[in-house]
Amino acid sequence: MSVKLSQSETETTLLINQFKNCREQTEKICAPLELEDYVPQPIADVSPPKWHLAHSTWFFEQFLLSTFKQGYTVYDSDFAYLFNSYYNNAGDRVLRPNRGLMSRPPVRDVLAYRDYVTKEVLDFIGSGEAEKEALDILELGINHEQQHQELLVYDIKYILGHQPTFPVYGDTFNLLQESQEQRWISMEEGLYAIGFSGNGFSYDNENARHRVFLESYQISNKLVSNAEYMEFIKAGAYQDFNLWHADGWDFIQNQKLKAPLYWHQTGGEWRQYTFSGLAPIDPNLPVQHLSFYEAYAFAEWKGMRLPTEFEWEAASPQFSWGQLWEWTGSAYLPYPGFQKAAGALGEYNGKFMVNQHVLRGASVATPQGHSRATYRNFFAPPSRWIFSGIRLAKTK
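- If you look the protein chain up in an unreviewed UniProt entry, it shows as Ergothioneine biosynthesis protein EgtB from Cyclobacterium plantarum.
- The record in UniProt for the protein chain states the following under Pathway (unreviewed entry): "Amino-acid biosynthesis; ergothioneine biosynthesis."

What follows is the structure, encoded as structure tokens:
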């Protein structure tokens, strides 16, 4: 005899499975690491893997269990201070550049913390006591941890990629050659609907759906390749201030940059660190690990430009995307009608809507479900350790 579940029971069961898979995937990403790899923080932007494991756990404890589960006992009262990220409403925290100084608690305690909170969440949700608001927080927490899974991949690559021996992580998160012929997709002027619609999860910065007017333009069906970027380097572009924003020129001068992150020139040959180790650069793969400044300068050198985020979204059904996040020419700003949530969760997106640029698409490290055309990723213009690339556009 089969039993037909109600819609709410079905959704709850689905959330439980998503939660279990999410928690397992985070630890799977860390599986190739040595114990010593869990602690380093080479730069402020790169958080230690141990911190990611604990912070994504604290999120569930802080916003779900402590708020909604009757009689919940906090695992360790110090962990909120140690593993809060930027939520001022949630109290004091260790400053971001100091996360790598925490040799304690040890990794084994962080893993025990994860196990404790995972079991408490499953007990709470499985009891049937969770109301819709709690289930919504659970869904947000899953998506939050999935965002950290991608950041975890970035950070692990930076940690390993700055080791003297360029250690191998594994044959994963690698790019594929784009086999399609280069062509330009023509888009006509007109009004286009932008933003999330329909069922399923979305972030507040994707809402509300609205219309924008776009002039006619063309956008490439391919990402810029390593071979194309090598020509940019050979042309002396890193020495030509005319191609760069003033901030970008200051950035590459101060950092003494001459190529994308993880590129090394030895014996007259360019090589690149990948998760498979140091290897010759494949000219046919998309170029990656570029700042917004470099993406903009390359477009200038080509006599073209980066698409706006609205141009990208409007044209996205007509090209393949998902290997790299793609820099756009758009500043990260609120959509018309954007409303910030109250309290700590209101700090999730809204307070970062300044001095950031939007990237669209997804990357090979993006978890399933986060690859949607309306997803608005955002980073500061100097960011290079993210999995970022270039798609060119031009005005017709």
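Next comes the rest of the description.
Regarding the nonpolar core
- Grouped together as the largest cluster of nonpolar side chains are 99 residues, with contacts concentrated most on F83, V121, L138, Y229, F232, W244 and I390.
- For this core, the leading source of residues is helix α5 (residues 132–161), giving 13 residues.
- For V121, the residues in contact, after removing those within four places along its chain, are F19, F60, L64, L65 and L138.
- Among the nonpolar cores identified, the runner-up in size contains 14 residues, and I185, Y217, F319 and A393 belong to it.

Some words on the pairing of strand β3 (residues 210–214)
- The alternating pattern of β3 places H210, V212 and L214 on a buried face and R211 and F213 on a face that is not buried.
- Here strand β2 (residues 190–194) pairs with β3 via five bridges, running antiparallel. Paired with Y192 across the two strands is V212, which belongs to β3.

Things to note about the sheet that holds strand β1 (residues 184–187)
- Reading across the sheet, the three strands line up as β1-β4-β12 and stay open at both edges, with antiparallel pairing between neighbours. In the strand order of this sheet, the two ends are held by β1 and β12 (393–395), each with one partner. Each adjacent strand pair in this sheet contributes to an overall mean axis angle of 25 degrees, direction not counted.
- One ladder, built from four bridges, connects β1 with strand β4 (residues 217–220); its direction is antiparallel. Looking at the pairing, W184 lines up with S220 of β4.

Each value, and the rule that gives it
Residues numbered from 1 in each chain as written. Predicted model: local features only at pLDDT ≥ 70, side-chain atom pairs only at ≥ 80, totals over all residues. Heavy atoms only, no water. UniProt positions renumbered as here; feature names shortened; annotations may be inferred. Core = buried A, V, L, I, M, F, W, Y, C linked by side-chain atoms within 4.5 Å. Buried < 20%, exposed > 50% of the residue type's maximum accessible area, 1.4 Å probe, protein only. Helix = DSSP H or I, 4+ residues; strand = E, 2+ residues; numbered from the N terminus. Contact = heavy atoms within 4.5 Å. Pairing = 2+ DSSP bridges. Axes fitted to C-alpha atoms, helices over the stretch in contact; angles between N-to-C directions.

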